[in-house]
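A closer look at the structure
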Amino acid sequence: MPKLFVFAIGGTGSRVLKALTMLLASGVKMENTSEVIPIILDPHAQNEDLLRTKELLREYGNIRNTLKNKPAEGFFGTEIKTLNRSIGADATIADTYVFDLQGVQQSTFEEYIDYGGLDPANKALASLLFSEENLGTKMDIGFVGNPNIGSTVLNQFKNSDVFGAFATNFAADDRIFIISSIFGGTGAAGFPILLKNIRGAQASNIPNPAYLRDARIGAVSVMPYFSLNNDENRLIDPASFIAKTKAALYYYARNVNHSVNALYYVGDDVTKAYNYDPGNGGQRNDAHFVELVSALAIVDFMNTPDYDLTTTNGRPDNPVSKEFGLEGDGTSLQLDHLAKDTRRQVSLPLSKFAFFSTYLKSRLNQAAGNTVWAKSNPPISSQFMNSAFMNSVRKFDGGFRQWLAEMETNRRGFSPFLLDSGNLGQTVRGFEPTKRNLWGKEVAVDLDIVNDFDRTLNATAEGKAYPSEPDKFIHLFSEGTERFIREKITKVTDY
């Protein structure tokens, strides 16, 4: 199967990649690939958003790699690999998801370009292009809203071992997706530069440059969706977000749009002001619904047939631009606010993972070794409950819960689930099952985690044998949660 290379640029890139990881863990299906290879480009190595995404990707890999029968659908049904692991034994690059930008740690931009060593003419030119503030910018926290700096630094990627390894291992049917913001520094600079380097790949540097020149490329350009609290000494001014976006959109229309097969624009004017942090404090932003939507753009791109994404001599035959719309407006969204096609993609998988999460926290310790499903082949033992595999499962679930909690309290909020409810019928907000009582009145259905959910797991496990405890755990819960939803909470699948 073809591979998908995902370039996640800057803090927004990492947050969107995190949302994509959640979707794939829940079983959201992407066509035309079975292997996703993320490559994160961010000079801010200690960016908390980047570190959290790296941890999730690591636990995702630990979970899937432990399985003997790796799923092709359902929970963790898509392979996510580093470029190193995708290449295999011949790889000569580091086994990491993050590209190491050279020369940016503990360096100012002035030092990076050797401003002091330039001859008078070039020094004068640099002074015209970059302000004193630009020249003095420390780049270990990113490009702090300055795409003119970012474009200079990020251009090194085309000469790196990572780009060479990516280009060498890119096949004719593989695809590329680029995630970036349009109103900051790193993303706004990185997207055009990366796209130019891919489309302009030269035979002197890599074999088969035509594969990159004519690649199927999608991209999401994230427009403003949050603001910043006031700070008199701030390096990043939120008042400039719209102006920067307009300028970038004008540039994209003339120089970028015609080179991308499918370009997705996502943003929101319902915003929340984050605490000002140019990067010194770790730059940790709460998860946002816009990032989930941006991850869905990747799913949409991969579900687009090859014949709609053809490219000739570096120019897409039919470039398209897309936006995202809701079925219903609101400052706090649920699954039923999504349009029908989107609900069809995500409602069942995410709901399955929500029930899985609830069972992990509320029932699993009591059920292990005692319920019928836990005693069947192979039994879920107390030793397994303390295994490295289960440690990865719990860490990933903790990330899932935090992701949901942050989206719920953000603005615009997204709160599709009520985890750990005593009545499982209340878990999926907006899709609570009801029945008519003796007097013909609609009343809520009470679903119990022991009497209802355990019975579904028992019935699902009946007559089955699994090659290992981890295989049983993932496959049984993926199949069992779907069976529970289809039998007990039918509104979730009523599209």
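First, a word on scope: everything that follows refers to the structure included in this document. What you are looking at is a predicted structure, and each value in this text was computed from that prediction instead of being measured.

Section: the overall build of the protein
- A count of helices and strands for the protein gives 19 helices and 16 strands.
- Considering only contacts in the protein between residues 6 or more positions apart, those separated by 24 or more positions represent 76%.
- Total accessible area on the protein stands at roughly 20,900 Å², and carbon and sulfur atoms take up 46% of it.

With respect to helix H18 (residues 449-461)
- Residues of H18 that are buried: Ile449, Asp452, Phe453, Asp454, Thr456, Leu457, Thr460 and Ala461.
- Each element contacted by the buried residues of H18 is listed here: helix H13 (340-362), helix H15 (372-375) and helix H19 (469-488).
- The opening residue of H18 is Asp448, an N-cap whose side-chain oxygen sits 2.9 Å from the backbone nitrogen of Val450.
- Positive phi appears at Gly463, one or two residues downstream of H18, with a value of about 80 degrees.

Let's talk about a nonpolar patch on the surface
- Taken together, the side chains of Leu125, Leu128 and Leu129 present a nonpolar region at the surface, about 340 Å² in accessible area.
- Mapping Leu125 onto the fold places it in helix H5 (residues 120-129).

Digging into the pattern of salt bridges
- The final tally for this structure, using the stated rule, is 25 salt bridges.
- With its nearest N and O atoms 2.8 Å apart, the salt bridge here joins Arg52 to Glu406. One end of the pair, Arg52, is in helix H2 (residues 48-66); the other, Glu406, is in helix H17 (residues 388-409), and 354 residues separate them in sequence. The two residues Arg52 and Glu406 agree in class, both being buried.
- Arg213 serves as the salt-bridge partner of Asp214, at 3.2 Å between the closest nitrogen and oxygen.

So, the pairing of strand S6 (residues 216-222)
- For S6, the tally of buried residues reaches seven of seven residues, placing the bulk of the element in the interior.
- Taking every second residue as pointing to the same face, both faces of S6 are buried, with Arg216, Gly218, Val220 and Val222 on one and Ile217, Ala219 and Ser221 on the other.
- As paired elements, strand S5 (residues 175-181) and S6 share seven bridges and run parallel to each other. By the bridge assignment for S6, Phe177 is matched with Gly218.
- Bridge analysis of S6 against strand S8 (residues 262-266) gives five bridges, and the strand direction is parallel. Bridging from a neighbouring strand, Ser221 pairs with Tyr265 of S8.

Describing the packing of aromatic side chains
- Under the counting rule described, the total for this entry stands at 34 aromatic pairs.
- Ring centres of Phe7 and Phe166 lie 5.1 Å apart, and the angle between their planes is 85 degrees; this geometry places the pair in the edge-to-face category. You can see Phe7 sitting in strand S1 (residues 3-9) and its partner Phe166 sitting in helix H8 (residues 161-168), a full 159 residues away along the chain.
- What makes Phe166 buried here is its relative accessible area of 0%.

Considering the nonpolar core
- In terms of nonpolar packing, the biggest core is built from 133 residues, with Phe7, Phe166, Ile176, Leu212, Trp373, Trp403 and Phe473 touching the most fellow members.
- It is helix H12 (residues 289-302) that provides the largest number of residues to this core, a total of 11 residues.
- Residue contacts for Leu212: discarding those within four places in its chain leaves Phe163, Phe166, Ala167, Phe170, Ile176, Ile198, Arg199, Ala201 and Ile206.
- Within the second largest apolar cluster, five residues are counted, among which are Tyr115, Ala126, Phe130 and Leu135.

A word on the environment of Phe7
- On the basis of relative accessibility, which here comes to 0%, the residue Phe7 falls in the buried class.
- Spatially, the C-alpha atom of Phe7 lies 9.0 Å from that of Leu17, the residues being 10 residues apart in sequence.

Regarding the packing of H2 against H17
- Interhelical geometry of H2 versus H17 gives an angle of 140 degrees and a closest axis separation of 9 Å. When the axis of H2 is compared with that of H17, the two are oblique. Here the hand of the crossing between H2 and H17 comes out left-handed. Note on element contacts: H17 touches H2 through Phe389, Ser392, Val393, Lys395, Phe396, Gly399, Gln402 and Glu406, opposite Arg52, Glu55, Leu56, Glu59, Tyr60, Asn62, Ile63 and Thr66.
- Taken together, the residues of the contact of H2 with H17 break down into six nonpolar, five polar and five charged.

Comments concerning H12
- Over its 14 residues, H12 runs 20 Å from end to end, which matches the ideal 20 Å to within 8%, given 1.5 Å per residue.
- The buried fraction of H12 amounts to 13 of the 14 residues, a majority that puts the element mostly inside the structure.

Quick notes on unusual backbone geometry
- Cis geometry marks the peptide bond from Asn377 to Pro378; its omega dihedral reads -15 degrees.
- Structurally, Pro378 can be placed in the loop between H15 and helix H16 (382-385).
- Here the amide bond leading from Arg411 into Arg412 is cis, since omega sits at 10 degrees, within 30 degrees of zero.
- At Asn208, a residue that is not glycine, the phi angle is positive and equals roughly 50 degrees.
- Within the secondary structure, Asn208 is located in the loop between helix H9 (186-199) and helix H10 (209-213).

A few points about the environment of Arg363
- On the secondary structure map, Arg363 appears in the loop between H13 and helix H14 (364-367).
- Using a relative accessible area of 15% as the deciding quantity, one classes Arg363 as buried.

Cut-offs and rules
- As a convention, each chain's residues are numbered from 1 in the sequence order in which they are written.
- Two thresholds apply to this predicted model, a pLDDT of at least 70 for residue-level local features and 80 or more for giving and counting side-chain atom pairs, whereas whole-chain, interface and lining totals are computed over all residues.
- Neither water nor hydrogens contribute to the side-chain values; these are computed over all heavy atoms in the structure.
- Numbered from the N terminus, helices here are DSSP runs of H or I no shorter than four residues, and strands are runs of E no shorter than two.
- Any two residues whose heavy atoms approach within 4.5 Å at even a single point are treated as in contact.
- Under the convention used here, a 1.4 Å probe and the Shrake-Rupley method define accessible areas, while residue burial counts only the protein chains that appear.
- The cut-offs for exposure are 20% and 50% of the maximum accessible area for each residue type, with area from a 1.4 Å probe on protein chains only; residues under the lower value are buried, those over the upper are exposed, and the others partly exposed.
- The term polar contact refers here to a pair of N or O atoms within 3.5 Å; inside protein, the definition further demands a hydrogen-donor-capable atom paired with an acceptor-capable atom, and it admits residues adjacent in sequence only when both atoms are side-chain atoms.
- Residues forming no salt bridge and having over 30% relative accessible area are the ones grouped into patches, like charges within 9 Å of each other and nonpolar side chains (Val, Leu, Ile, Met, Phe, Trp, Tyr) within 5 Å.
- One speaks of a salt bridge when a side-chain nitrogen belonging to Lys or Arg is within 4 Å of a carboxyl oxygen belonging to Asp or Glu.
- The rule for pairing is simple: two strands pair if DSSP sees at least two bridges between them.
- Classification of ring pairs rests on two measures: the distance between centres of Phe, Tyr or Trp rings, Trp counted by its six-membered ring, which must be within 6.5 Å, and the angle between planes, read as stacked under 30 degrees, edge-to-face over 60 and tilted in between.
- By nonpolar core we mean a set of buried residues, namely Ala, Val, Leu, Ile, Met, Phe, Trp, Tyr and Cys, connected to one another through side-chain atoms within 4.5 Å.
- Orientation is described by axes fitted as lines to C-alpha atoms, over the contacting stretch for helices, and by angles from 0 to 180 degrees between their N-to-C directions.
- When describing relative orientation, an angle under 35 degrees is termed roughly parallel and one over 145 degrees roughly antiparallel, while 65 to 115 degrees is termed roughly perpendicular and anything else oblique.
- In this scheme the handedness of a crossing depends on how the near helix is turned from the far one: anticlockwise by less than a right angle means left-handed, clockwise means right-handed.
- Throughout, the ten residues Ala, Val, Leu, Ile, Met, Phe, Trp, Tyr, Cys and Pro are labelled nonpolar, Asp, Glu, Lys and Arg are labelled charged, and all others, Gly among them, are labelled polar.
- To estimate the expected span of a helix, subtract one from its residue number and multiply by 1.5 Å.

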